[in-house]
Amino acid sequence: MSEVPAPDEDTDLVPQELPRPGRFGDFGGRYVPEALVPALEQLDEARQKAAVDPEFTDELARLHATYTGRPSILTEVPRFAAHCGGARVVLKREDLNHTGSHKINNVLAQALITKRMGKTRVIAETGAGQHGVATATAAALMGLDCTVYMGKVDTERQALNVARMKILGAEVVAVEHGSATLKDAINEALRDWVTNVGTTHYVIGTVTGPHPFPEMVRDFHAVIGEEARAQVLELTGRLPDAVVACVGGGSNAMGIFHRFVEDEGVRLVGVEAGGEGIESGRHAARFASASPGVLHGAMSYLMQDTDGQTVESHSISAGLDYPSVGPEHSYLRDIGRAEYRYATDDQVMEAFSLLCRTEGIIPALESAHALAGAVELGRELGPEALLLVNLSGRGDKDMHTAAAYFGLVDEDAR
Amino acid sequence: MSATGAGVEDVLLRCRAEGRVALIGYLPVGYPSVEGSVAAMRVLVEAGCDIVEVGLAYSDPVIDGPVNQDAMAAALEAGVRVDDAFDAVAAVREAGATPVVMSYWNLVLHRGVERFAADLAAAGGAGLITPDLVPDEADDWVAASDRHGLDRIFLVAPSSTPERLARVTAACRGFVYAASTMGVTGARSSVDGDARGLVERVRAVSDIPVCIGLGVSTREQAAEIAGYADGVIVGSALVRTLGGDGELDERLESLRTLTTALAQGVREGHR
């Protein structure tokens, strides 16, 4: 069995001091109803204590080694790379984690913290269902009650994941308000949390939300970049030219970026959902069109109209269908440390199909955005380049969408 | 006292002098239409509301329950704009009550905090209630409200610690909005459980008037709260009445009946 070192006090699990608590430059903060402030303060204290408590760090490391399946492997994909201008491409295989995505890294840690805070119930929002399934899994493992909020539109396009969550013992609430997608699921989860905050922890699934969530969720995913950096060095003897990840809220991207932020020669490239194209207005490419605003507790880039009302986003992948983005991404973008591009639904489906057929790996549609970005970036950089791509999830949940897109469903045979 | 009429504190003092507490009514602008909502706010004033909370419809109202969510969604669907709120504020002022705006923060932020404050003051508004802005994030708003003589109404909740109560009340001007229970807006059969204790805890750290909101819908509840708070805030019960069946005129009459009963309630409280 692979060795997973227990994080010690030098690792990134220890929260870093920010100039202003919870702020990344002007982004982040804590824009919430007062009723939630005590719970956020309690959470911040609990996670800071946990980060330096071996009882917590050892238990999390044990779970990752014996339950999650960490460290996740690195896979070089030469047949796929042939379509990326000949650049060398390696995938960080978060799709091989238990429950099929990176989401489990954060959820196991937050579930442990839930128990440390003496709470007995967790709630979560989910878009594609990956985070909901991961939360339902952790709740089953640790004996916590679990309710997952999911937009009604998403329960329909991700029906299989709804069944998975229910089989794991979670209650799934289909949210019909607003656009009935991820943002509305978060609204409903926040309403639940305001009401039940005494017994309930809200396991936010990405690097958004009020402080300390963006920092905490990043730290729980930083293991991705920690492992990947060492693995790439071992495999190739050098650092990659670029690290590529899809960005919805941006948790898998922050997880793999974080360890590379200090490596100035490494480009950090986030790929947003271009949907049907920027000019169509039906997309989730926040950095291509949006301006700073507040949604769900944090200041960040936000798709909004001239009054500040949230504009509905669109993506073929439910997990990226969100009108805002984690505040640290906004910060890294504004200071020029990370760069963001987008891939349209059609480019994504092409990259999805390409990886399936050249490498026998079926990626999540979310992760296929990163692959589309790698195809583009590889062609720009040429054969000398080395790209590290975060394959954040597997595509089993997307078979219905993919089959419909490629016309593979024989309606008569049903 | 603001430049254009009675401020929130003037109203609360006047009510106290009359041996009663204030009635504060909430309605969102644009529901069922901009004109309809302004007509409804006039009814609130005529029937005895001392302060009208002019609500701004928002796409993501995280501390509102289903009644207010649906009303906001309908208002946005019908095309309501933030600009319409300032017309409603002016109408409330003209009708003789004190208008305050209630808005989720991004609408204020996007307009520009300074510009929003200037527009609110120019329309005759007395202040702003900010359900998702805590004083810790409010430096710009504190400065702008000082420049324009506007009241700042932050919220406290049953979960608030003594430290938070002290911090929030210190930042408030006019009154502090005390959420009666943990949860979202919407009528409840009982509001007394946490509310009385919360008011006592606020009084232990501050002299600022305390108004109770969330869940109040009946004359009896209003009378009960009048026994220990400085004001009674009614929201979704009014919204639900305005959104009932029948022609708008009939619904406005139902609204008048409910508001009149609530206004009697705030006069029945015994300290």
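First things first, this report covers the structure right here in the doc. (Residues numbered from 1 in each chain as written. Chains lettered and ligands numbered in written order. Predicted model: local features only at pLDDT ≥ 70, side-chain atom pairs only at ≥ 80, totals over all residues. Heavy atoms only, no water.)

Some remarks on the overall build of chain A
Scanning chain A from N- to C-terminus turns up 15 helices and 14 strands. A compact globule built from 414 residues would reach a C-alpha radius of gyration of about 22 Å, and chain A, at 20 Å, matches this within 12%. For chain A, the spread of C-alpha atoms along the three principal axes comes to 55 × 50 × 45 Å. Counting all 414 residues of chain A, 64% fall into the buried class. Taking contacts inside chain A between residues at least 6 apart in sequence as the whole, the part at least 24 apart equals 75%. When the accessible surface of chain A is summed, it comes to about 14,500 Å², and 50% of that surface belongs to carbon and sulfur atoms. (Helix = DSSP H or I, 4+ residues; strand = E, 2+ residues; numbered from the N terminus. Rg over C-alpha atoms; globule rule 2.2 N^0.38 Å. Buried < 20%, exposed > 50% of the residue type's maximum accessible area, 1.4 Å probe, protein only. Contact = heavy atoms within 4.5 Å. Areas by Shrake-Rupley, 256 points an atom, 1.4 Å probe, with all protein chains shown as cover.)

Quick notes on helix 6 (residues 113-122) of chain B
All names here are of chain B. Listing the buried residues of helix 6 in full gives Val113, Phe116, Ala117 and Leu120. Seen along its axis, helix 6 keeps its buried residues to an arc of 95°; they face one direction. Lining the buried residues of helix 6 we find helix 4 (82-95), strand 3 (98-102), helix 5 (105-111), strand 4 (127-129) and helix 7 (139-148). Residue glycine 124 follows helix 6 closely and has a positive phi angle near 100°. (Arc of directions from axis to C-beta.)

Concerning the pattern of salt bridges
Residues and elements named next belong to chain A. Inspection of every chain in the model, using the stated rule, returns 53 salt bridges over all chains. Residue arginine 70 is joined to glutamate 227 by a salt bridge in which the shortest nitrogen-to-oxygen separation is 2.8 Å. Of this pair, arginine 70 sits in the loop between helix 2 (54-68) and strand 3 (74-76) while glutamate 227 sits in helix 9 (residues 213-236); the two residues are 157 residues apart in sequence, bridging distant segments of the chain. For the pair shown, arginine 70 and glutamate 227 are each scored as buried. A single network of salt bridges, built from pairs that share partners, joins Asp44, Arg47, Glu215, Arg218, Asp219 and Glu328. (Salt bridge = Lys/Arg side-chain N within 4 Å of Asp/Glu carboxyl O.)

Focus: unusual backbone geometry
Peptide bonds are trans in most cases, and residues, glycine excluded, mostly fall at negative phi. Note that the residue after A:His211, namely A:Pro212, is joined by a cis bond; omega there is 15°. Tracing the backbone through its elements, the reader meets A:Pro212 in the loop between strand 8 (200-202) and helix 9. The linkage connecting B:Tyr31 with the following residue, B:Pro32, adopts the cis geometry, with an omega of 5°. Along the chain, B:Pro32 turns up in the loop between strand 1 (22-28) and helix 2 (34-46). The backbone phi angle of B:Leu214 is positive, close to 85°, even though this residue is not glycine. In this fold, B:Leu214 is placed in the loop between strand 8 (210-213) and helix 10 (219-226).

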